[in-house]
Amino acid sequence: MRRLLFAVVTLSSLAIGGVNFGYKISAAEILNDTHSSILPPVILDDSAYKVVRFPTNQGTTELPGTSWQLVKFQGGDGTILTPDDKSRYTISFGEGGRVSARIDCNRGSGTWKSSGPNQLQIGSIALTRAICPPGSLHDRIARDLNVVRSYTIKDGHLFLSLMADGGIYEFESIGGSQPLDSKSPVAASLFGKRWRLTEVKGAAVRTTKPYIEFDPGSKRFSGDGGCNRIAGGFEVDEMHIRFSQSISTERACIDSEIQQVETDFFRGLEEATEFKIQGDLLHLYAGDRPLLTFSSPSTETNGSVETARVTGTVTYRQRIALTPNAVIEVKLLDVSRADAPAVTIAEQTIMPAGHQVPIAFSLEYDPGRIDDRSRYVIQARILEKGQVTFISTQAYPVITVGNPNKINVIVSPVRH
């Protein structure tokens with residue numbers, strides 16, 4: 001009877017837009033162990049909603065190097081959803097705990113972790129911010145990804161189960177998508193690193209934020225141009241490289257110099273046809289014409305890029321519950337220049353998915369962008385259906401001038 005109680009564990013964290021499923025698992029199948037994809041979810045404490053970056057994948061799992069597209073979703077309440085277009089809802093698990101996903105009109109990448117057989121947790125996913133058409137399940141998937149707790153692969157299908165009887169997502173393998181050989185000399189030197197942009201057409205850049213990373217499992221890349229995130233596909237054949245299907249966010253750059261660097265960076269990826277790695281430098285060329293140069297920063301022994309973080313909580317004093325559609329945005333800002341707009345150093349978007357304040361946040365940032373003489377603050381706001389409902393109205397200084405790396409932010413209601 002105990003297994004029967006977990007018969008309909010839902011994968012609402014990967015909900016998909018425009019889906020309509022029709023899949024049922026009988027109690028007999030569960031009791032007789034004929035459907036091994038149903039596993040008791042791991043029930044975590046109240047910290048389950050935190051957006052966390054997981055370390056390198058642990059435990060034995062067959063997920064690295066696989067790519068999947070959505071077949072259907074069955075909710076704990078019996079709801080059946082099937083996608084209009086399977087290819088618009090995909091997920092790929094890379095080596096080293098990296099994951100990439102397409103959720104209807106947006107793409108993104110993040111982290112995943114398996115701490116034991118059939119256990120799975122997906123960390124923060126940095127998504128592009130296009131507005132998907134009506135009927136899309138984009139918002140539901142983005143909200144539910146971080147409540148996946150277990151998985152099973154059976155008959156070529158991947159089943160992802162959500163915590164608290166949320167439901168089950170069923171995916172099928174994307175045919176013909178073979179992961180790159182991460183043991184080849186090329187893969188060994190190109191993959192598993194964060195490449196920081198250092199030169200554009202031979203001229204040094206004066207910002208440390210632009211970077212690119214390659215995921216051999218999903219054949220996708222992701223990165224940051226300084227103001228906007230970018231992601232897409234890539235192909236490598238010996239020393240030839242081609243970037244495709246690139247998509248980026250569309251935020252305006254305050255700094256014109258960073259804007260130009262970003263424009264040249266993104267254009268360089270479009271034009272690149274060859275690459276060369278010399279020590280810790282990656283060079284991209286269009287034929288024999290130099291385009292972009294990157295360096296691989298110092299890494300820790302586990303291969304992860306050195307980062308620092310600011311942690312804390314966001315809360316308010318009013319006795320008002322957050323709705324299921326609430327979105328919390330937290331930013332680390334450089335406010336050193338009184339005569340110029342604040343510069344965003346790091347940011348995080350949290351979807352509480354029913355959890356209430358205080359909501360924890362964890363902002364990772366590049367220590368190389370921090371100047372001990374500068375001033376940095378945390379800003380937070382809460383949005384409902386795109387409208388700001390709460391915002392921080394006082395400065396919360398962090399990092400420099402003796403200020404802490406942990407802060408509790410109180411937001412105040414916004415009157416419209």
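This section reports on the structure supplied with the text. Just so you know, these numbers come straight off a predicted model, no measurement behind them.

Once that is clear, we can look at the overall build of the protein. On a plain count of helices and strands, the protein comes out with five helices and 26 strands. Looking at the 416 residues of the protein, the share that counts as buried comes to 50%. When contacts within the protein are restricted to residue pairs at least 6 apart in sequence, those whose partners lie at least 24 apart make up 63%. Split by element, the accessible area of the protein, about 19800 Å² in all, is 49% carbon and sulfur.

What follows is about the pattern of salt bridges. For the structure on display, the rule yields 15 salt bridges. A salt bridge links Asp224 to Lys209, with the shortest nitrogen-to-oxygen separation between them at 3.8 Å. Taken together, the residues Asp224 in strand E13 (residues 220-224) and Lys209 in the loop between strand E11 (203-204) and strand E12 (211-215) connect sequence positions 15 residues apart. Under the relative-accessibility criterion, Asp224 is labelled buried at 7%. With a relative accessible area of 15%, Lys209 lands in the buried category. Here Glu271 and Arg289 are joined by a salt bridge, their closest N and O atoms 3.5 Å apart. Taken together, the residues span a long stretch of sequence, with Glu271 in helix H5 (residues 256-271) and Arg289 in strand E18 (residues 289-295) at a distance of 18 residues.

Moving on, we get to the pairing of strand E8 (residues 157-162). The buried fraction of E8 amounts to five of the six residues, a majority that puts the element mostly inside the structure. The antiparallel hairpin formed by strand E7 (residues 148-154) and E8 contains two residues in its connecting segment, where Asp155 sits at a positive phi of about 55 degrees. With five bridges connecting them, E8 and strand E9 (residues 167-173) associate as antiparallel partners. Paired with Phe159 across the two strands is Glu170, which belongs to E9. Counting the residues that bridge the hairpin from E8 to E9 gives four residues, and of these Ala164 lies at a positive phi of roughly 55 degrees.

Moving on to the state of the cysteines. Counted according to the given criterion, the structure contains two disulfides. Between the sulfur of Cys105 and that of Cys132 lies a disulfide, 1.9 Å long from S to S. Torsion about the S-S bond of the Cys105 and Cys132 cystine: about -95 degrees, corresponding to left-handed handedness. Placement of Cys105 in the loop between strand E4 (98-103) and strand E5 (106-113) and of Cys132 in the loop between strand E6 (121-127) and helix H3 (138-144) is noted, with a sequence separation of 27 residues between them. The pair formed by Cys105 and Cys132 is uniform in burial state, with each residue classed as buried. Across the disulfide, Cys227 is cross-linked to Cys253 (sulfur-sulfur distance 1.9 Å). Torsion about the S-S bond of the Cys227 and Cys253 cystine: about 135 degrees, corresponding to right-handed handedness.

Reading the values: rules and limits
- Each chain has its residues counted from 1, running along the sequence as written.
- Only residues with pLDDT of 70 or above have their local features reported here, since the model is predicted, and side-chain atom pairs are shown and tallied only from 80 upward, although totals for entire chains, interfaces and linings are computed over all residues.
- To get the side-chain values, take all heavy atoms of the structure and skip hydrogens and water.
- Each helix is a run of DSSP H or I of at least 4 residues and each strand a run of E of at least 2, with the numbering of both proceeding from the N terminus.
- Only protein chains enter the accessibility calculation, which uses a 1.4 Å probe; a residue is then buried when its area is under 20% of its type maximum, exposed when over 50%, and partly exposed in between.
- In this analysis, two residues are considered to be in contact whenever any of their non-hydrogen atoms come within 4.5 Å of each other.
- We get accessible surface area from the Shrake-Rupley algorithm with a probe of 1.4 Å; when it comes to residues, only the shown protein chains can shield them.
- The term salt bridge refers to a side-chain nitrogen of Lys or Arg lying within 4 Å of a carboxyl oxygen of Asp or Glu.
- In this analysis, strands are considered paired if DSSP registers two or more bridges between them.
- When two cysteine sulfur atoms are found within 2.5 Å, that pair is recorded as a disulfide.

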